[in-house]
Amino acid sequence: MTVSTQDRSALIPLLQQVQVEMGYVPREAIDEIGAVLRVSTSDIFGVLTFYAQFRLTPVGRHQVKICQGTACHVQGAPLITDAVEEELGLDDDHDTTEDGEFTLEKVACFGACSLAPVMIIDEDTKGNITPDKARRMVRKLIKAQAKKNAAAKTNAEAKNE
Amino acid sequence: MINLKIDNKKIEVPDGSTVLDAARAANVYIPTLCDDPLLEPFGACRMCIVEIEGHRGLPTSCSTPATEGMEVKTYSSTIEVNRRTTMNLMLSDHPLDCQHCVANMKCDLQYVAGYVGVREQPYEGETRSYEKDRSNPFYVRDLDKCILCGKCVRACDELQGRQAISFGYRGFETKITTPFDLPMWDSTCESCGRCVDVCPTAALYDKSAEKNGLAMEETRTTCPYCGVGCGLIIETRNDKIVGVRGDRENSVNEGHTCVKGRYGWEYVQHEDRVKKPRVRRYLLEGGSKPKSARESEDNPLWDWVETSWEEALNITAESLHQIKKEHGSDSIGFMTSAKCLNEENYLMNKLARQVVGTNSIDHCARL
Amino acid sequence: MSNYTAIREWADEKTADKTRIIVGLGTCGIAAGGNKILEAVEKTLANNDDIKAEVVSVGCIGICYKEPLLDIEIPGQPRLSYGSVTAKDTREIIQNIFLDSKYEHKKTLATINDEAFAEIPSWKEIPFFAPQERRVLRNCGFIDPEKIEDYIANDGYLGLSRALLDMTPAAVVEETLKAGLRGRGGAGFPAGRKWSIAADNINAYKEENPDSDSFGYIICNADEGDPGAFMNRSVLEGDPHSVIEGMTIAGYAIGASYGYIYCRAEYPLAIERLKLALDQAREKNLLGKNILGTEFSFDLKLKEGAGAFVCGEETALIASVEGLRGMPMPRPPYPAQAGLWEVPTIINNVETLNNIPVILAKGADSWAEKGTEKSKGTKTFALTGKVENTGLIEVELGMSLREVIYDIGGGIPDGKEFKAAQTGGPSGGCLPASMLDLTIDYEALAKAGSIMGSGGLVIMDESTCMVDVARYFLTFTQAESCGKCVPCRLGTKRMLEILTRITEGKGKIEDIALLEELAPSIRDSSLCGLGQSAPNPVLTTLRYFRDEYEAHILEGRCPAGQCKALITYTIDEVDCTGCTVCARACPVDAISGAKKELHIIDTDICTRCDTCRQVCNFDAVLVA
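## What to know about the state of the cysteines
All names here are of chain C. As enumerated under the stated definition, the model contains 0 disulfides over all chains in all. A disulfide-free cysteine, C609 has its sulfur positioned 6.2 Å from the sulfur of C586, the nearest such atom. The exposure class of C609 is buried, given its relative accessible area of 12%. Here C612 is not disulfide-linked; the sulfur of C606 is the nearest cysteine sulfur, at 6.2 Å.

Structure below.
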């Protein structure tokens, strides 16, 4: 990573760059950025925990995002959130499944209000969702990944033999 | 200079003063929990709100610059109602165990709550709950009592330049954190105690305070540790030291101390402390010096014996004289101390170079 | 020939007489499947060598409920628009038009023109468009946002050239003052006044700090964080140069030579298009050193937000640009006195800046013809929620809520009753049916207890619970509170707890009094605008929908049938056909019943997830 300036204002862009590349901001990156910019670690930690965008733990392989905007709320987003949380076995304190496969993010309004309620699976935006549709999509995703994992396992075993 | 009126009292204050500064100069009390004259205005506790002629709403006096001709009201029913609601909110997330609290009767929160006159707790709800952080040997962090005034963070940053702690997270989850929320001892804290000094509650307190009640006397003195000469206030009770803090009115340190001055005082009343000069018994009573460590073991001649200053200095002088005669001047070296005055160090220098005749003299501050 | 004329000629030439096939690819267009339509267009063209047309992707034209949109523009004919198109429709429409000159299609929407064409109605005959006044959205959906020539050919950078070549900075400030443009970010402070204060401060700063690197900054607040609002996003995605031009004019007017656009990271497409637009503007010398050959130099940098609503507050935004936590600072000093790095700074909203080039190009008097006496011009709104036609709209200030909701919005779907209109997002309020004739202007909305805000307009019907709406907004503000000052940090928390209690059926009648005591205190004592306005949703719902609060508390009933703890699901004996769809869909197996027999919901197991009601084909699931 190259830094053209020791300017403090480069802190957030650098952290964003790390997050784009790694999916989260690991501790080593914080130490390194702190050393380059001469900003204390506690200061960076304060900035990281302030902004909703930053994660300090790795993100799941698949990301399910549910919009929490007003239009989505009045069109039933809370019921969809409940349904997806139940399917993935997550709750308010856990946003990523134990196997690290799925992360559920409740995101701020991303402005596709006319399609409310909206859910994004990986890069795919789905509008006019119902809890039932959401459950089906999540189950499909889980199944597809399980199949992939099984195939990978057989492949690996075949290679070992 | 700026002329203004605080509650109809005329007052003249220097340029750059805030309304709160002006009120203090006019001897008008405005409650505040996050202001400290040594720190930049922060505006978080919302206790110091006032009404100013021609200004909208309820500006905070700590952050509003005083201007010529300003007319300030520090109390009104609107101000009082708002202060009371804010205080009620603050107390709705603060343990109400004042009698058992180490800050009892020296707590700013308690005082301001008393001033505002809270009489009930209308807002029930979730309270924060953290484990006490006792990892630092000198002080305790009890974040349940923290009101997030930010004075500790600002003192660590603006006064000490250490930035060991910062605000972390946000909203109701906001807390003062170390990097990665680790125990205090794993942070870059140097234990200068400034955060403890500025804390308005018992969110930060000296471990020594757990054992003692309120200090009853205070004595201004100079720190004996090094040559900087920091002003200290020694807090005592029944002729025993129960605490030490930096003297904010001392121009040398403006309340600042290092870990030694702030926390290194238990030796003063330690039972093992040496209070009179001592010499080895053989030097006082005659006999020969043990030749080896084994010989000195259980050897009564090797014991320390208390004696007078005159005797002790005589023995030292004679011994130095003897060594110089037998082994020459350069067999002797002198070590002086940062704790000594300049005059004392000067005399030590004379003693080494002119009396003993050696250039081997150094100072602990170089080590 | 001035430098502008040369650029204009270049742009006119580049854009003249083109046959264009236009696909709406704003965020909403993409979400609705716009990319598939683009693919279909390209495939159709590849399969039909005879059809010669340029494929263009544009930003949002506003009629979101008809996305994905496909438009055809042939020189000499009005532009034709088709809505809710599929890949198959796309192929048909293109082939019909280009091979058979057949314009009518079942997905025909309108001509994007004041005149009808080949039996296709003009958009002025479509209720959604008819009452609208497109000024801010002048280019959205019309120009290719990735081509600077499209912008310039539509009078882009004309305002800048007028300002730089014909006017002094003071005259530009004067023109903005004369127009009466008020800040479109929420509070409605006159933009010209803000500029004139900043210009004075910058002059003073220059005298005191002659060696400083910079004497003033202009920041564009594109941190559109209100949930349910996407006006700024659409402008940035559809017309990025308008904001750049507005900022450059502002920089000239106040004497700033550098600016920042602070844009939400949640708007990746807007960021991408802004970056491109900045490069193009620099290349054409519309940014950078000696703009248009004048003495004036100005440049811009893009800063991405990192997910904090409070950074819409000016001092928090500045802290964030500086790389700090976005915690607001007490004012004074105001940013116009000591802002970014202690240098005088002005912060204007996207829509405010977007209006500036028009004021300069057409003159303040012409601009100020629209609007009311105190609220001049037009305003965009993101019209969403329980309304038939959702989308991005722009109306003349002074129009009534009723016209917006019933004429443009087409009323409430499914024959339901209108209940409330929410303006201003979490800082605004909910207005009841009795206020439908309220005119949309700064003063009227404030008097009703709401605010203009940046333009979120969420419509609610009888099935929306107003206590739940208040709770929703408090959940938002509480989570977004920076945590610095006590009234906001703890006040919003306690209000949220009280509201949650009420929606769970555990409220006490004293809770209403507590809310009424807390709300004004939080409003009056909080440090920044977020806390000061956070109680508005509670205050307005208490003012206009108090009966709903009382029904929850006194009768244990949620009149809208939304609050899970207060409702039960049952199956109607008469309507149930025993089709088993609900029993199969129920995620917790709470529904029993044999085929062709009445089904029954076990209310102890039921989690009130609403799935059965949604899947029932016979409206047999009842909520009470």
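That shown, we press on.
## Things to note about the sheet that holds strand β11 (residues 240-246) of chain B
Residue and element names in this part refer to chain B. One open sheet holds the 3 strands; their spatial order is β9-β10-β11, and the pairing between them is antiparallel. Both edges of this open sheet fall to β9 (217-222) and β11, since each of them pairs with a single strand only. Strand-to-strand twist in this sheet, taken as the mean axis angle between neighbours without regard to direction, amounts to 30°. As judged from the 6 bridges shared by β9 and strand β10 (residues 231-237), these two strands associate in the antiparallel manner.

## Some thoughts on the interface of chain A and chain B
With 12 residues of chain A at the interface, the matching set in chain B holds 14 residues. The largest contributions to the chain A side of the interface with chain B come from R27, S42 and F45 of chain A, which together make up 48% of the buried area. At the boundary of chain A and chain B, one finds 0 salt bridges. At the boundary of chain A and chain B, one finds 5 residue pairs in polar contact (both at pLDDT 80 or more). Looking at the side of chain A that touches chain B, the elements with two or more residues in it are α2 (27-37) and α3 (41-50) of chain A. It is α3 of chain A that contributes the most residues to the side of chain A that touches chain B, 7 residues altogether. Residues of the side of chain A that touches chain B, tallied by class, amount to 5 nonpolar, 5 polar and 2 charged.

## Topic: helix α18 (residues 486-503) of chain C
All names here are of chain C. In this model, α18 (18 residues) spans 25 Å end to end at C-alpha, consistent with the 26 Å of a helix rising 1.5 Å per residue. Across the 18 residues of α18, 16 count as buried, placing the element largely inside the fold. Positive backbone phi, approximately 80°, marks G505, located one or two places after α18.

## Considerations on the sheet that holds strand β2 (residues 102-107) of chain A
All names here are of chain A. Strands sit in the order β2-β1-β3-β4 across an open sheet of 4 strands; the sheet is mixed. The sheet is open, and its two edges are formed by β2 and β4 (124-126), each paired on a single side. This sheet shows a mean twist of 20° between the axes of neighbouring strands, independent of strand direction. Looking at chain direction, strand β3 (residues 119-121) and β4 are connected through 3 bridges and run antiparallel.

## Some details on the domain arrangement of chain B
According to the domain assignment, chain B consists of domain 1 (2-75), domain 2 (215-272), domain 3 (274-327) and domain 4 (329-367). Distance between the C-alpha centres of domain 2 of chain B and domain 3 of chain B: 34 Å.

## Concerning the domain arrangement of chain A
Once the domains are mapped, chain A shows domain 1 (8-50) and domain 2 (62-160). Here the C-alpha centre of domain 2 of chain A lies 28 Å away from the C-alpha centre of domain 1 of chain A.

## Looking at the interface of chain A and chain C
Opposite the 38 residues of chain A that make contact, chain C presents 54 residues. Across the chain A to chain C interface the summed buried area is about 3400 Å²; carbon plus sulfur atoms make up 58%. At the surface where chain A touches chain C, the tally comes to 1 salt bridge. Measuring nitrogen to oxygen at the nearest pair gives 2.8 Å for the salt bridge that ties D82 of chain A to K564 of chain C. Taken together, the connections running from chain A to chain C amount to 17 residue pairs in polar contact (both at pLDDT 80 or more). Taken together, the elements giving at least two residues each to the side of chain A that touches chain C come down to α1 (11-22), α3, α4 (70-74), α5 (77-88) and α6 (131-160) of chain A. For the side of chain A that touches chain C, the per-class residue count stands at 18 nonpolar, 14 polar and 6 charged.

## Some points on the pairing of strand β1 (residues 62-67) of chain A
Residues and elements named next belong to chain A. Strand direction decides the pairing type here: β1 and β2, joined by 6 bridges, are parallel. Across the sheet, the residue bridging to H62 is F102, located in β2. Pairing of β1 with β3 involves 3 bridges; the strand directions are antiparallel. Bridge pairing links I66 to M119 in β3.

## Topic: the side chain of N221 of chain C
Inspection of the secondary structure assignment puts N221 of chain C in strand β6 (residues 217-222). Those residues in contact with N221 of chain C, other than ones at most four positions away along the chain, are N232, Y262, G312, L317, I347, N348, N349 and V350 of chain C.

## Quick look at the nonpolar core
Membership of the largest hydrophobic core comes to 206 residues, with the highest contact counts inside it found for M87 of chain B together with Y157 and Y549 of chain C. In contact with M87 of chain B, not counting residues within four places along its chain, are L33, M47, L109, V112, A113, V116 and V118 of chain B. Formed by 47 residues, the second largest nonpolar core is a distinct cluster that contains A420, L431, M460 and Y544 of chain C.

## Details of the environment of E254 of chain B
Residue and element names in this part refer to chain B. Mapped onto the secondary structure, E254 falls in the loop between β11 and α6 (259-263). We classify E254 as partly exposed; its relative accessible area is 45%. Residues E254 and L38 lie 216 residues apart in sequence; the distance between their C-alpha atoms is 8.7 Å. Beyond its immediate chain neighbours, meaning those up to four positions away, E254 contacts L38, R194, D247 and R248.

## Observations regarding the pattern of salt bridges
Under the criterion given, the structure shown has 65 salt bridges over all chains. Of the charged contacts in the structure, one is a salt bridge between D97 of chain B and K145 of chain B, with a shortest N-O distance of 3.2 Å. Of this pair, D97 of chain B sits in the loop between α2 (77-91) and α3 (108-116) while K145 of chain B is found in the loop between β5 (139-141) and α4 (151-159), placing the two residues 48 residues apart along the sequence. On the basis of relative accessibility, which here comes to 28%, the residue D97 of chain B falls in the partly exposed class. Overall, K145 of chain B belongs to the buried group, its relative accessible area being 7%. In this structure, D461 of chain C and K386 of chain C form a salt bridge, with 3.3 Å as the shortest nitrogen-oxygen distance. Here the residue D461 of chain C occupies a position in strand β14 (residues 456-461), and K386 of chain C occupies one in the loop between β10 (378-385) and β11 (391-396), the gap between them amounting to 75 residues. Both residues of the pair, D461 of chain C and K386 of chain C, count as buried.

## Details of the packing of α2 of chain A against α3 of chain A
All names here are of chain A. Two elements in contact, α2 and α3, have axes separated by 9 Å at closest approach and are oriented at 120°. One element, α2, and the other, α3, form an angle in the oblique class. Two packed elements cross with a definite hand, and for α2 against α3 that hand is right-handed. Facing α2, whose interface residues are I30, D31, I33 and G34, α3 presents T41, I44 and L48.

## Considerations on a negative patch on the surface
Where like charges cluster on the molecular surface, the negative patch consists of E40, D157 and E158 of chain B together with E342 of chain C. Tracing the sequence through the fold places E40 of chain B in the loop between α1 (19-25) and β3 (51-52).

## Observations concerning the packing of aromatic side chains
All names here are of chain C. A full pass over the atoms with the stated rule returns 24 aromatic pairs over all chains. Aromatic pair Y217 and Y260: ring centres 6.2 Å apart, planes at 50°, arrangement tilted. Placement of the pair is Y217 in strand β6 and Y260 in strand β7 (residues 258-263), with a sequence separation of 43 residues. Measuring from centroid to centroid gives 5.2 Å for Y252 and F296, while their planes differ by 75°, and the two rings are edge-to-face. With Y252 in helix α10 (residues 240-254) and F296 in the loop between α11 (268-283) and β8 (299-304), this pair connects stretches of sequence that are 44 residues apart. A relative accessible area of 13% means that Y252 is categorised as buried. The rings of Y65, W123, F128, F129 and F142 are connected pair by pair, giving a single aromatic cluster. For R264, the ring lying beneath its charged end belongs to Y267, and the centroid distance is 4.9 Å.

## Concerning α2 of chain A
All names here are of chain A. Every buried residue of α2 is listed here: A29, I30, I33, G34 and L37. Across the axial projection of α2, the buried residues extend over an arc of 135°, all falling on one side. Facing away from the buried surface of α2 by more than 90 degrees, the exposed residues are E28 and A35. Each element contacted by the buried residues of α2 is listed here: α1 and α3. In the stretch just after α2, R38 is the one whose phi turns positive, near 60°.

Cut-offs used in this document
Residues numbered from 1 in each chain as written. Chains lettered and ligands numbered in written order. Predicted model: local features only at pLDDT ≥ 70, side-chain atom pairs only at ≥ 80, totals over all residues. Heavy atoms only, no water. Disulfide = S-S within 2.5 Å. Buried < 20%, exposed > 50% of the residue type's maximum accessible area, 1.4 Å probe, protein only. Pairing = 2+ DSSP bridges. Helix = DSSP H or I, 4+ residues; strand = E, 2+ residues; numbered from the N terminus. Axes fitted to C-alpha atoms, helices over the stretch in contact; angles between N-to-C directions. Contact = heavy atoms within 4.5 Å. Buried area = accessible area lost by both parts, 1.4 Å probe. Salt bridge = Lys/Arg side-chain N within 4 Å of Asp/Glu carboxyl O. Polar contact = N/O pair within 3.5 Å; in protein donor to acceptor, adjacent residues only side chain to side chain. Nonpolar A, V, L, I, M, F, W, Y, C, P; charged D, E, K, R; others polar. Expected span 1.5 Å × (residues − 1). Domains from an automatic or database assignment. Core = buried A, V, L, I, M, F, W, Y, C linked by side-chain atoms within 4.5 Å. Parallel < 35°, antiparallel > 145°, perpendicular 65-115°, else oblique. Left-handed = near helix turned anticlockwise from the far one by under 90°. Patch = residues over 30% accessible without salt bridge, like charges linked within 9 Å, V, L, I, M, F, W, Y side chains within 5 Å. Areas by Shrake-Rupley, 256 points an atom, 1.4 Å probe, with all protein chains shown as cover. Lys, Arg positive; Asp, Glu negative; His and termini not counted. Charge placed at Lys NZ, Arg CZ, Asp CG, Glu CD. Phe/Tyr/Trp six-rings, centres within 6.5 Å; stacked < 30°, edge-to-face > 60°. Lys NZ or Arg CZ within 6 Å of the ring centre and 35° of its normal. Arc of directions from axis to C-beta.

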